[in-house]
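Structure assessment
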Amino acid sequence: MRLPLLPRPPPLAAAAAVAAMPPRGRRAVRSPPLPPSPPQLSSTPPPSAPPLDAPKPGTPDHDAPPSSARRRLPLAAAAAVEVKEEWHPLPLSAADLSLPLTLPTGQTFLWRRTSLSPLRFTGAVGPHLVSLSHLPDAEDGRLAFLLHSDGSRPAARAALCDYLNAAVPLADLWRQFAAADERFAEVAARLGGGGARVLRQDPVECVFQFLCSSNNNIKRIEKMVWTLAGYGERLGEVGGFVFHRFPTIQQLAHVSEQELREAGFGYRAKYIVGTAKELQAKPGGGEKWLASLREKELPEVIEALCTLPGVGPKVAACIALFSLDQNHAIPVDTHVWKGGTEQLLH
């Protein structure tokens, strides 16, 4: 089945594109109930799910750390040593990027809350282990980062700006859309005025995360993706969590289907193993092949991604939107389809 393609809207989160969809037909459209107001920046979000123990890799050349090293460590031990923190501002206000509206909302599954503050998240961006937070003393909720791993601070900043899609002027776009569409303005007000941003993730990382997402819930997806991350290079420990750089295609190709099934991946295990081998066989390597899709049109991108084991139209649209610069892609699952058809029927 081919994914139905919609006209290109301006670059914005798919949820915002659907919220701004105009009614059709002669009869008045019954507006769906507004979503509940999200927690404000000062509220405490629910805790993230604890990670699974990672399975042991299949060959001695790719030994993963002991499973106990990937468990969340006691918070008391994590808080025993105080480290001087040096935060560095990023060119993004809370209106440009709200951490609670962006990181734990289903685009990515590897960020963890690593302090008592509900506004601090820690994760790996390539080789950089960083924490992100809104500066409490900044009037605009300015975003800042704290570098935990070795390496260049300018390099980490550049990687973060790319990952966070910082070149897109989200606050300006939300103001334009709200002025042009009453319904969008109403929904935007419920979301605090903006900040729900589409990320620009590494395509390899994005592919394997969304292979775990099919017919699944966020809690289980987080556990599976955390297990996969355990096959990568260990970057360090923050807030009782041990973080790893997401593994390469070559590292994932050494993982057996049986290992993943034993770790609770079910039928998705064969898709992960199959996709790793399929990407290895691509001309120039899977990383280069995936990156090349950023230069193609959406129909061609969807068609190419659907050749990978376990990737259907919805998963392909998620990968295209969250890592391949296809900002007009709208992933359509059963809930989006039902809501859209009900609007048209009424």
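Residues numbered from 1 in each chain as written. Predicted model: local features only at pLDDT ≥ 70, side-chain atom pairs only at ≥ 80, totals over all residues. Heavy atoms only, no water.

With an unreviewed UniProt entry as reference, the protein chain is termed DNA-(apurinic or apyrimidinic site) lyase, source organism Urochloa decumbens. Here the protein chain is described in UniProt, under the heading Sequence similarities (unreviewed entry), as follows: "Belongs to the type-1 OGG1 family." Quoted straight from UniProt, the Catalytic activity (unreviewed entry) entry for the protein chain says "2'-deoxyribonucleotide-(2'-deoxyribose 5'-phosphate)-2'-deoxyribonucleotide-DNA = a 3'-end 2'-deoxyribonucleotide-(2,3-dehydro-2,3-deoxyribose 5'-phosphate)-DNA + a 5'-end 5'-phospho-2'-deoxyribonucleoside-DNA + H(+)". (UniProt positions renumbered as here; feature names shortened; annotations may be inferred.)

Let us now look at the overall build of the protein chain. A count of helices and strands for the protein chain gives 15 helices and 7 strands. Relative to its 346 residues, the protein chain shows a buried fraction of 47%. Long-range pairs, those at least 24 residues apart, make up 67% of the contacts in the protein chain with a sequence separation of at least 6. (Helix = DSSP H or I, 4+ residues; strand = E, 2+ residues; numbered from the N terminus. Buried < 20%, exposed > 50% of the residue type's maximum accessible area, 1.4 Å probe, protein only. Contact = heavy atoms within 4.5 Å.)

As enumerated under the stated definition, the model contains 9 aromatic pairs in all. Between Trp 174 and Phe 184 the ring centres are 5.4 Å apart and the planes differ by 65 degrees, which places this aromatic pair in the edge-to-face class. Note that Trp 174 is positioned in helix α5 (residues 170–180) and Phe 184 in helix α6 (residues 182–190), a separation of 10 residues in sequence. Across the pair, exposure class does not vary: Trp 174 and Phe 184 are buried alike. Joined through ring pairs, the aromatic side chains of Phe 109, Phe 210 and Phe 322 make up one cluster. Lying over the aromatic face of Trp 289, Lys 282 brings its terminal NZ or CZ to 4.2 Å of the ring centre. (Phe/Tyr/Trp six-rings, centres within 6.5 Å; stacked < 30°, edge-to-face > 60°. Lys NZ or Arg CZ within 6 Å of the ring centre and 35° of its normal.)

Next up on the list: the sheet that holds strand β1 (residues 88–89). Reading across from one edge, β1-β5-β4-β3-β2 is the order of the 5 strands in this open sheet, with antiparallel pairing throughout. Bordering the open sheet on either side are β1 and β2 (112–113), each of which pairs with just one other strand. Bridge count between strand β4 (residues 128–134) and strand β5 (residues 143–147): 5 bridges; the pairing is antiparallel. Residue pairing in the sheet places Ser 133 in a bridge with Ala 144 of β5. Of the strands in this sheet, β1, β3 (120–125), β4 and β5 are in contact with helix α4 (residues 153–163), which crosses β5 at around 135 degrees. (Pairing = 2+ DSSP bridges. Axes fitted to C-alpha atoms, helices over the stretch in contact; angles between N-to-C directions.)

Once that is clear, we can look at the environment of Gly 194. With respect to the secondary-structure elements, Gly 194 resides in the loop between α6 and α7 (203–211). Residues Gly 194 and Trp 174 lie 20 residues apart in sequence; the distance between their C-alpha atoms is 6.4 Å. If we ignore the near neighbours within four places in the chain, the residues touching Gly 194 are Ala 94, Ala 95, Ser 98, Leu 101, Trp 174 and Ala 188.

Before going further, it helps to spend a moment on unusual backbone geometry. Look at Asn 215: it is not a glycine, yet its phi comes out positive at around 50 degrees. Following the sequence through the fold, Asn 215 ends up in the loop between α7 and α8 (218–229). Asn 215 gets classed as exposed once you look at its relative accessible area, which sits at 71%. With a phi angle near 65 degrees, Asp 325 is a residue other than glycine that sits in the positive phi range. Structurally, the position occupied by Asp 325 is in the loop between α14 (313–323) and α15 (334–345). Residue classification places Asp 325 among the partly exposed residues on the basis of a relative accessible area of 32%.

Following the sequence through the fold, His 88 ends up in strand β1. On the basis of relative accessibility, which here comes to 13%, the residue His 88 falls in the buried class.

Moving on: the nonpolar core. Among the nonpolar cores identified, the biggest contains 56 residues, and Phe 208, Leu 228, Phe 265 and Leu 305 are the most heavily contacted of them. Looking at this core element by element, the count peaks at 8 residues for α14. With residues up to four places along the chain from it excluded, the contact list for Leu 228 reads Phe 208, Cys 212, Phe 246, Pro 247, Leu 252, Leu 260, Phe 265 and Ile 272. If you look at the next biggest cluster of nonpolar residues, it comprises 18 residues, including Leu 97, Phe 121, Leu 164 and Leu 199. (Core = buried A, V, L, I, M, F, W, Y, C linked by side-chain atoms within 4.5 Å.)

Once that is clear, we can look at the environment of Val 242. Its location among the elements puts Val 242 in strand β7 (residues 241–244). Each C-alpha atom of the pair Val 242 and Gly 123 lies 9.9 Å from the other, and the pair is 119 residues apart in sequence.

Here we come to the packing of α7 against α14. With their axes 9 Å apart at the nearest point, α7 and α14 run at an angle of 150 degrees to one another. It follows that α7 is roughly antiparallel to α14 by the angle criterion. Considering only the axes of α7 and α14, their crossing is right-handed. Residue-level contacts link Pro 203, Cys 206, Val 207 and Phe 210 of α7 to Val 315, Cys 318, Ile 319, Phe 322 and Ser 323 of α14. Of the residues contributing to the contact of α7 with α14, the split by class is 8 nonpolar, 1 polar and no charged. (Parallel < 35°, antiparallel > 145°, perpendicular 65-115°, else oblique. Left-handed = near helix turned anticlockwise from the far one by under 90°. Nonpolar A, V, L, I, M, F, W, Y, C, P; charged D, E, K, R; others polar.)

The subject of this paragraph is the pattern of salt bridges. Applying the stated rule across the entire model yields 9 salt bridges. Residues Glu 186 and Arg 183 are paired through a salt bridge, measuring 3.7 Å at the closest nitrogen-oxygen approach. Of this pair, Glu 186 and Arg 183 both sit in helix α6, separated by 3 residues, roughly a single helical turn. As a salt-bridge pair, Arg 261 and Glu 257 come within 2.9 Å of each other at their nearest N and O atoms. Note that Arg 261 and Glu 257 are positioned in helix α10 (residues 257–262) at a spacing of 4 residues, about one turn of the helix. (Salt bridge = Lys/Arg side-chain N within 4 Å of Asp/Glu carboxyl O.)

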